Amino acid sequence: MTSLAWLMVPLAMIGIVRVCVVLVAADLYDLSLRRSRPSPYAPAVWVVIPAYNEELCVARAVQSVLDSCYPGVSVIVVDDGSTDGTLAALQRFGSRVHVVSQPNQGKAAAINTGMHLVGDGLVMVLDADSTLSRSAISRMVAHFADPLVLAAAANVKIAAPHGVMGWVQRLEYAVVHRLKQGYTVFNCEYVIGGVGSMFRTSIVRACGYFDTDTMTEDIDFSMKILSVRGNFDWRIIFAADAIAYTQAVPSLRGLLRQRFRWKLGRLQAFYKHRSLFFGTSCSRLLSWVHLPYTAAGEVLVLFEPLFVYVVVSATFHTGWFTGVLLLCAVYTGVAFFTIIGDLTEPWRAKAPLLALAPLAYPLLMVIVFVDFVAVLRSMLTVLRGYRPVGRWEHVERTLTSVPG
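What you see is a predicted model; the values in this text were computed from it and never measured. (Residues numbered from 1 in each chain as written. Predicted model: local features only at pLDDT ≥ 70, side-chain atom pairs only at ≥ 80, totals over all residues. Heavy atoms only, no water.)

A.B. asks: Report on the packing of aromatic side chains, specifying residues and quantitative values.
C.D. replies: Overall, the coordinates contain eight aromatic pairs when judged by the stated rule. Here Phe210 and Phe221 contribute two aromatic rings whose centre-to-centre distance is 4.2 Å and whose plane-to-plane angle is 10 degrees, an arrangement assigned as stacked. Within this pair, whereas Phe210 is found in the loop between α7 (201–206) and α8 (217–229), its partner Phe221 is found in helix α8, the two being separated by eleven residues in sequence. Members of the aromatic cluster, each reached through a chain of ring pairs, are Tyr190, Phe270 and Phe277. For the cation-ring pair, Arg274 lies above Tyr271, with the distance from its terminal atom to the ring centre recorded as 4.2 Å. In this arrangement the basic side chain of Arg284 is found over the ring face of Trp288, its NZ or CZ atom lying 5.1 Å from the centre. (Phe/Tyr/Trp six-rings, centres within 6.5 Å; stacked < 30°, edge-to-face > 60°. Helix = DSSP H or I, 4+ residues; strand = E, 2+ residues; numbered from the N terminus. Lys NZ or Arg CZ within 6 Å of the ring centre and 35° of its normal.)

The structure is reproduced here in structure tokens:
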């Protein structure tokens, strides 16, 4: 066990150094936001909302787009064979919203249907269970004033978290999205998430639209852009000031279902776009460092129970609690500096998160446990030879049952 402990120490140190470097880069990102100036760039914008059995939340998503301060946004809702009152919920918007109905084909197919209806400019994809802040589209468009930007991910926050599971996800999203700011500085972002993601319509056409053969169409398409265009002359970024909101998954069972889809879809995308690993089409920082490190992390999470066992066992055998306290201190420090440094959060929203910072280690261990189960289940699914494709996956949410 001593040998195993000494093996884990350098791995833990590498992880800590990496997080610290990325957090410093996130501060540089903040400086760039402060120095940004208004731009006359004002292209046409479409928002595509794929929907399947969303009668309780789709109207809220549409209304958030219509309330945008960006003028002339066109809204397209693609109803993918819903069997509930989704279409009826959209009737009150009348001609302000273009509604298209089709037989059930899956989320990626629904997005593609909407994409074929847009013109030249920018297109955003918004999940039907999510909403946009009033300034989200305007701030997102400002990032595309840089002609090198092909796609941008919104800063997704958990709306009105309730209970332990809600606050765990609220804290997780805050930390993860702070790190994404650092990845943007290093130009090694590779995931443009599905909530409020924006693309140039030209790159969507150049890539042949979204594929339907993976469970996470957003990760797949993001990596497809990198496979087609690389990141030497082009960029995909994280737009920290473009705020979107989504609901927390309120139960552990629901979160396990959601993260299984995310993990399996990520593994599918990694295999499908394996040429990006150690390749020459993208920067070495992305192809030789970030992507391999992320893939390795998906495997190393399977050893997390062993890591916890070693730490706890060593603590009780030696009576030396410094190791556990150090782990708690590291997680608390990361959470604290993440929350303090977030320019998009008002202090009234930061206050409860700062109160949770000392509990960051046990709280985020819930996510580690969920990731462990999701990765293990994903690998067993692959070993059984099952090849799931893009489809609608509904998970329990705070307000209603909506796609995960």
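A.B. asks: Tell me about the pattern of salt bridges, and name the residues and values.
C.D. replies: Tallied over the entire structure, the rule returns 17 salt bridges. Here Lys107 makes a salt bridge to Glu217, at a shortest N to O gap of 3.6 Å. With a gap of 110 residues between them, Lys107 in helix α4 (residues 107–115) and Glu217 in helix α8 connect regions that are remote in the sequence. We note a salt bridge from Glu189 to Lys180, for which the minimum N-O separation is 3.0 Å. Residue class for Lys180 comes out buried when judged on its relative accessible area of 11%. Salt bridges linked by common partners bring Asp211, Asp213, Asp220, Lys224 and Lys272 together as one network. (Salt bridge = Lys/Arg side-chain N within 4 Å of Asp/Glu carboxyl O. Buried < 20%, exposed > 50% of the residue type's maximum accessible area, 1.4 Å probe, protein only.)

A.B. asks: Describe in detail helix α10 (residues 284–300), supporting the description with residues and values.
C.D. replies: In a regular helix each residue adds 1.5 Å, so 17 residues correspond to 24 Å; α10 covers 22 Å between its end C-alpha atoms and thus fits that length. His290 marks where α10 bends most, by close to 25 degrees; the proline Pro292 follows one to four residues later. For α10, the set of buried residues is Leu286, Ser287, His290, Leu291, Pro292, Thr294 and Glu298. (Expected span 1.5 Å × (residues − 1). Bend = angle between axes of the 7 residues up to and from the residue.)

A.B. asks: Let's hear about the UniProt feature "domain: Glycosyltransferase 2-like" (unreviewed entry) in the protein chain: which residues, and what values?
C.D. replies: Residues annotated in UniProt with the feature "domain: Glycosyltransferase 2-like" (unreviewed entry) correspond here to residues 47–203. With 36% helix and 24% strand, residues 47–203 has its two end C-alpha atoms placed 16 Å apart. (UniProt positions renumbered as here; feature names shortened; annotations may be inferred.)

A.B. asks: Give me the nonpolar core: which residues, what numbers.
C.D. replies: Of all hydrophobic cores here, the largest spans 50 residues; its most connected members are Phe199 and Ile225. Val62, Val65, Ala242 and Ala248 belong to the second largest nonpolar core, which has 40 residues in total. (Core = buried A, V, L, I, M, F, W, Y, C linked by side-chain atoms within 4.5 Å.)

A.B. asks: Which residues make up the UniProt feature "transmembrane region" (unreviewed entry) in the protein chain, and what values do they have?
C.D. replies: Within this numbering scheme, the UniProt entry marks residues 6–29, 293–312, 318–341 and 353–376 as carrying the feature "transmembrane region" (unreviewed entry). Secondary structure across residues 353–376 comprises 88% helix and 0% strand; the distance between its end C-alpha atoms is 30 Å.

A.B. asks: Describe the packing of helix α9 (residues 252–272) against helix α14 (residues 360–383), and please don't skip the residues or the numbers.
C.D. replies: In contact at an axis separation of 8 Å, α9 and α14 are set at 55 degrees when each is read in the N-to-C sense. Taken together, α9 and α14 sit at an angle that is classed as oblique. You can see that α9 and α14 cross each other, and the crossing is right-handed. Contact residues: Leu252, Leu255, Leu256, Arg259, Phe260, Lys263, Leu264 and Leu267 in α9; Ile367, Phe369, Val370, Asp371, Val373, Ala374, Val375, Arg377, Ser378, Thr381 and Val382 in α14. Within the contact of α9 with α14, the residues separate by chemical class into 13 nonpolar, two polar and four charged. (Axes fitted to C-alpha atoms, helices over the stretch in contact; angles between N-to-C directions. Parallel < 35°, antiparallel > 145°, perpendicular 65-115°, else oblique. Left-handed = near helix turned anticlockwise from the far one by under 90°. Contact = heavy atoms within 4.5 Å. Nonpolar A, V, L, I, M, F, W, Y, C, P; charged D, E, K, R; others polar.)

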